[in-house]
Amino acid sequence: MDRALEFVGNHPFLFGILAVLAVLFFAIENKRSGKKISPNTLGMMVNSQNAQLIDIRAKKKFVTGYIQGSRNIPFTELKDRIEEIRAIEQPVIIICDMGVQAGAAIQMIGKENVYRLEGGIGGWQGAGMPLVGIKDAKPKSKMKAKPSLHK
């Protein structure tokens, strides 16, 4: 540790260049992967700007729970439907599992008013927001009761 501090003290110019490059890297990477919006902002954008929600998770995951009003375009099909998404005039919000894959989707789409949901579905649920889907429609009569240790 002492040697590292000594190096920084002896070479402030190199350390300054490193710091500037690090800041530029993160700024460019953040811009390249799209603007993030919070779950609360998503609701406001849908209500005020009629933002379109596109969930890029696989259909199998989508049907287990999704944000109301979103449509499913799996990431694997995205290349074939890029023009369809680019034609949308309203803001578009891309949703994935954790918010990472949405960044890659935004790069592919290459349109100005496309955003990604910060934290993806996990962030949405973490903020206490509800999901809708087939899992909500299961009848309770088919659910097995948990065995009880108490009589």
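Definitions and limits used
Residues numbered from 1 in each chain as written. Predicted model: local features only at pLDDT ≥ 70, side-chain atom pairs only at ≥ 80, totals over all residues. Heavy atoms only, no water. Helix = DSSP H or I, 4+ residues; strand = E, 2+ residues; numbered from the N terminus. Buried < 20%, exposed > 50% of the residue type's maximum accessible area, 1.4 Å probe, protein only. pLDDT = per-residue confidence, 0-100. Core = buried A, V, L, I, M, F, W, Y, C linked by side-chain atoms within 4.5 Å. Contact = heavy atoms within 4.5 Å. Salt bridge = Lys/Arg side-chain N within 4 Å of Asp/Glu carboxyl O. Pairing = 2+ DSSP bridges. Right-handed = clockwise from strand over helix to strand, strands pointing away.

### Thoughts on unusual backbone geometry
Then step 1. Backbone geometry places N50, a non-glycine residue, at a positive phi of 55°.
Then step 2. Mapped onto the elements of the fold, N50 is located in the loop between α3 (39–49) and β2 (52–55).
Then step 3. We classify N50 as partly exposed; its relative accessible area is 43%.

### Brief notes about the confidence of the model for the protein
Then step 1. On average, residues of the protein carry a pLDDT of 83, and 82% of them reach 70 or more.
Then step 2. Per-element confidence in the protein is highest for β2, whose mean pLDDT is 96, and lowest for helix α8 (residues 134–137), whose mean pLDDT is 52.

### Some remarks on the nonpolar core
Then step 1. Within the largest apolar cluster, 15 residues are counted, with the highest numbers of intra-cluster contacts made by I54, I56, L78, I85, V92 and I94.
Then step 2. If you list the elements that add at least two residues to this core, you get α5 (82–86), β4 (92–95) and α6 (101–109).
Then step 3. If one sorts the elements of this core by residue count, α6 sits on top with four residues.
Then step 4. Residue contacts for I54: discarding those within four places in its chain leaves R71, I73, I85, I88, V92, I93, I94 and I95.
Then step 5. Residues L53, I95, Y115 and I121 belong to the second largest nonpolar core, which totals 13 residues.

### Regarding the pattern of salt bridges
Then step 1. Counting across every chain of the model gives seven salt bridges.
Then step 2. A salt bridge links R81 to E77, with the shortest nitrogen-to-oxygen separation between them at 3.9 Å.
Then step 3. Residue class for E77 comes out partly exposed when judged on its relative accessible area of 36%.
Then step 4. Ionic pairing is found between E84 and R81, a salt bridge with its closest N-O pair at 2.9 Å.
Then step 5. In this structure E84 comes out as partly exposed when scored by relative accessible area, which is 32%.
Then step 6. With a relative accessible area of 25%, R81 lands in the partly exposed category.
Then step 7. Through salt bridges with shared partners, a single network forms among R71, E77, R81 and E84.

### A short note on the pairing of β4
Regular strands show a simple pattern: their side chains alternate between the two faces of the sheet.
Then step 1. Every second residue of β4 is oriented toward a common face, with V92 and I94 on one face and I93 and I95 on the other, all of them buried.
Then step 2. For β2 and β4, the ladder comprises four bridges, and the chain directions are parallel. Following the sheet pairing, Q52 is matched in β4 by V92.
Then step 3. Bridge count between β4 and strand β5 (residues 114–117): three bridges; the pairing is parallel. Bridge pairing in β5 links I93 to Y115.
Then step 4. For the handedness criterion, the β-α-β arrangement of β4, α6 and β5 is classed as right-handed.

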